[in-house]
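# Coordinates in review
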Amino acid sequence: DCGVSEKRDVASERAKGTGLAVSATVKENRPCPTPKRKRDPASTPMERFFRRSLNVTMLCKQTWCEMQAVYSLELPLVAKRELERAEVKAGASVHLARELEVHEVVPVRAVTREDRQAINLLNLLGMIPVLQAGGVVRELPVFGVLEGVYMVGVIDELHYSDRGELVLSELKTRRHSSLPREAQAKGHRLQVGLYKLLFDGLVRGFLTRDDFVEHLRLRLEQPLGAAVLQHAGKLGFQVTTLGDLLDVLLLNLRYCELPGIDVLRLEYRHQDSGLALGSQDVPFDEDLLRAELRNLLSYWTGRREPRGVDIEEAWKCGMCAYEKHCQWRGEQLQGSVTLHTDKKPK
Ligand code: SF4
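Residues numbered from 1 in each chain as written. Predicted model: local features only at pLDDT ≥ 70, side-chain atom pairs only at ≥ 80, totals over all residues. Heavy atoms only, no water.

## Regarding the overall build of the protein chain
On a plain count of helices and strands, the protein chain comes out with 12 helices and nine strands. Scored against the burial criterion, the 346 residues of the protein chain give a buried share of 47%. Taking all contacts inside the protein chain whose residues are at least 6 apart in sequence as the whole, residues at least 24 apart take part in 68%. Carbon and sulfur atoms provide 50% of the accessible area of the protein chain, an area that totals close to 18100 Å². (Helix = DSSP H or I, 4+ residues; strand = E, 2+ residues; numbered from the N terminus. Buried < 20%, exposed > 50% of the residue type's maximum accessible area, 1.4 Å probe, protein only. Contact = heavy atoms within 4.5 Å. Areas by Shrake-Rupley, 256 points an atom, 1.4 Å probe, with all protein chains shown as cover.)

Right, dumping it as structure tokens:
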């Protein structure tokens, strides 16, 4: 549908003297979707799904079941129904409520891809001074190239501990009043590890202008829309094009002197009662993390076919929205064994 759609995004600004930040709701005019092209067998999944970047959350889905991650793109109507499930919506509203504790929300209309990217840069630019002042930021955008692929994500919260460590805190709401089993927890660990790689890369100055041109194919000379320019002006940035704004961001990152993330923390909370279920600090091993990332990306860059769950994890199929459509389940599992899909852990 070609109507105006609304999408939440975050920009923040240190509010005078309070350490509070301002966040933005982005309204965008989306062009009509491109008609589906005939599938080119030689194209990679990145090309086939028109992806110039990957979300960290997509890779986390992939650790649960790679076929499921692929179906979420191939069958968008089923995926949309999943997103509309009550518990998914409830989790999103908990995150929004937490964000509103430290941010105000303002609407900004984006017309082009460059506008949307500019809002993302403004979001990050606005949060740098809050972190420099020792404050708390929520919904902080992170991005950059990892293992040859442009990745994007949003960190739930960054704050400093009493010992001055920079702590990443990722909130997970749970339908059950228990901590997750390993099958789910490994995706959560991957998520916070990738956020650290992206954030540390930003503050170490690894992001370049070329990343935006080569990976995202953005036009840096493109003048930004009026609403975005007005928003940038309010935040104190006098720019005309995306390239101008990118230069401001790269300069800020080079001289911000922010530390890398010291602690990766997962916090679990019961969705209905809001009660804390526990928290876990996640060890960080960059070599292991990058090896896992390379394996996940090898599907997206066309070096191997997608895989479904192993037989030991066939219980996941019983709670999968794509079960009826799944070739993997049909071909690999159903013919040879009886699946016990009722044995699903909480
Ligand atoms: Fe993965 Fe099973 Fe769902 Fe297929 S049915 S996508 S193998 S969880």
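## Notes on the site of the ligand
Every residue lining the ligand is accounted for by C65, M67, Q68, Y71, G308, V309, C317, C320, E323, C326, W328 and R329. More than half of the atoms of the ligand fall within 2 Å of the grid points belonging to the largest cavity. Listing elements by their share of the shell around the ligand, those giving two or more residues are α3 (66-74) and α12 (327-334). The element that contributes the greatest number of residues to the shell around the ligand is α3, accounting for three residues. Its residues placed into classes, the shell around the ligand shows eight nonpolar, two polar and two charged. (Near = heavy atom within 4 Å. 1 Å grid on protein atoms, 1.4 Å probe; cavity = no way out; pocket = protein on both sides within 12 Å on 5 of 7 lines; lining within 4 Å. Sits in = over half its atoms within 2 Å of the grid points. Nonpolar A, V, L, I, M, F, W, Y, C, P; charged D, E, K, R; others polar.)

## Quick notes on the packing of aromatic side chains
Geometry of an aromatic ring pair is reported as the spacing of the ring centres plus the angle between the planes. Applying the stated criterion across every chain yields a total of six aromatic pairs. Plain terms: the ring middles of F143 and F212 are 6.3 Å apart, the flat faces sit at 85° to each other, and that makes the pair edge-to-face. You can see F143 sitting in strand β5 (residues 137-146) and its partner F212 sitting in helix α8 (residues 209-215), a full 69 residues away along the chain. Look at Y299 and W300: their rings are 5.0 Å apart centre to centre, the planes differ by 70°, and that puts the pair in the edge-to-face class. Here Y299 matches W300 in class, with each residue buried. Three or more aromatic residues link up through ring pairs in this structure, and these residues are F49, Y299 and W300. Sitting above the plane of the F284 ring, K196 keeps its charged end 5.0 Å from the centroid. Over the ring of W64 we find K316; its NZ or CZ atom is 4.3 Å from the centre of that ring. (Phe/Tyr/Trp six-rings, centres within 6.5 Å; stacked < 30°, edge-to-face > 60°. Lys NZ or Arg CZ within 6 Å of the ring centre and 35° of its normal.)

## What about the pairing of strand β7 (residues 166-174)?
Here β7 lies mainly inside the structure; eight of its nine residues are buried. Where strand β6 (residues 149-160) meets β7, four bridges bridge the pair, whose relative direction is antiparallel. Along β7, the bridge assignment pairs Y160 with L166. Hairpin connection, β6 to β7: the antiparallel pair is bridged by five residues, and G164 has positive phi, about 85°. Where β7 and strand β8 (residues 263-270) come together, eight bridges link them in parallel fashion. Note that in β8 the partner of L168 across the bridge is L264. (Pairing = 2+ DSSP bridges.)

## Topic: the confidence of the model for the protein chain
For the protein chain, the average pLDDT comes to 84, and 78% of its residues sit at 70 or higher. Low pLDDT, under 50, characterises residues 1-22; the predicted model gives this stretch 74 contacts beyond four residues in sequence or across chains. (pLDDT = per-residue confidence, 0-100.)

## Observations concerning the pairing of strand β9 (residues 276-281)
Pairing analysis gives five bridges linking β8 to β9, with the strands arranged antiparallel. Its bridge partner lying in β9, Y268 is registered against G278. The turn linking β8 back onto β9 is made up of five residues, and G274 within it adopts a positive phi angle of 80°.

## Notes on the pattern of salt bridges
By the definition in use, this model includes 14 salt bridges. Across the pair R138 and E157 runs a salt bridge whose closest N-O atoms are separated by 2.7 Å. Placement of the pair is R138 in strand β5 and E157 in strand β6, with a sequence separation of 19 residues. Of the two residues examined, R138 and E157, each falls in the buried class. Residues participating in the shared-partner salt-bridge network are E147, E286, R290 and R294. (Salt bridge = Lys/Arg side-chain N within 4 Å of Asp/Glu carboxyl O.)

## Here we look at the environment of R265
Looking at the element boundaries, R265 is found in strand β8. Overall, R265 belongs to the partly exposed group, its relative accessible area being 23%. A C-alpha to C-alpha distance of 7.8 Å links R265 and V192, two positions 73 residues apart in sequence. In contact with R265, not counting residues within four places along its chain, are V167, L168, S169, E170, S279, Q280 and D281. At 2.7 Å, the side chain of R265 and the side chain of D281 are in polar contact. (Polar contact = N/O pair within 3.5 Å; in protein donor to acceptor, adjacent residues only side chain to side chain.)

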